[in-house]
Amino acid sequence: MNNKRRSINRGGFTLIELLIVMTIIVILASFVGPKLFPKLGKSKQSAAKAQIELFGEALDQFRLDTGRYPTTSEGLQALITDPGVKGWDGPYLKKRVIPKDPWGRPYQYQSPGSHGEYDLFSYGKDGQPGGDGEDRDVVSWE
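Criteria and thresholds
- Residues numbered from 1 in each chain as written.
- Predicted model: local features only at pLDDT ≥ 70, side-chain atom pairs only at ≥ 80, totals over all residues.
- Heavy atoms only, no water.
- 1 Å grid on protein atoms, 1.4 Å probe; cavity = no way out; pocket = protein on both sides within 12 Å on 5 of 7 lines; lining within 4 Å.
- Points joined across faces, edges and corners; volume = space filled by probe spheres on them.
- Nonpolar A, V, L, I, M, F, W, Y, C, P; charged D, E, K, R; others polar.
- Helix = DSSP H or I, 4+ residues; strand = E, 2+ residues; numbered from the N terminus.
- Buried < 20%, exposed > 50% of the residue type's maximum accessible area, 1.4 Å probe, protein only.
- Polar contact = N/O pair within 3.5 Å; in protein donor to acceptor, adjacent residues only side chain to side chain.
- Contact = heavy atoms within 4.5 Å.

A. Focus on the layout of surface pockets. Approximately 280 Å³ is the volume found for the largest pocket. Every residue along the wall of the largest pocket is listed here: Gln51, Leu54, Phe55, Glu57, Ala58, Tyr92, Leu93, Lys94, Lys95, Val97 and Pro99. Residue classes in the lining of the largest pocket are distributed as seven nonpolar, one polar and three charged.

B. Quick peek at the side chain of Ser111. Of note, Ser111 is situated in the loop between strand S1 (108–110) and strand S2 (119–122). A residue is classified by how much of its surface remains accessible, and Ser111, at 12% relative accessible area, is buried. Within polar-contact distance, the side chain of Ser111 engages the backbone oxygen of Glu117 at 3.1 Å. Contact partners of Ser111, with chain neighbours within four places excluded, come to Tyr69, Pro70, Thr71, Thr72, Glu117 and Tyr118.

Take a look at the structure:
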């Protein structure tokens, strides 16, 4: 009659085991998370600087072809679409859309600029002039 008394062997984890594993994961995340998040902001600053440098190269090529930088009213769009300037030989950017800064806002462009022939900048994470850390402006003249 032992056949009727088969032990059922169920694989898996108990609730206690799952809670212990989840607790360990939360503890590890609390140590690692704060070290990773500040680097995310720095990487966005670096990405904005790299994009501004690429825009600068495209603006320089525009100037070589036309003899001037795009005006403020023509903006960065002149790097993609012919604004009717003699000598324009673009597009000067690979993509057909002007990319936004890493925080999702358009780059600011002025020509003539206050710091040179043109000023190209992003206001950083806060979208306001000035700031420190992630909120610091990323500019073409530094």
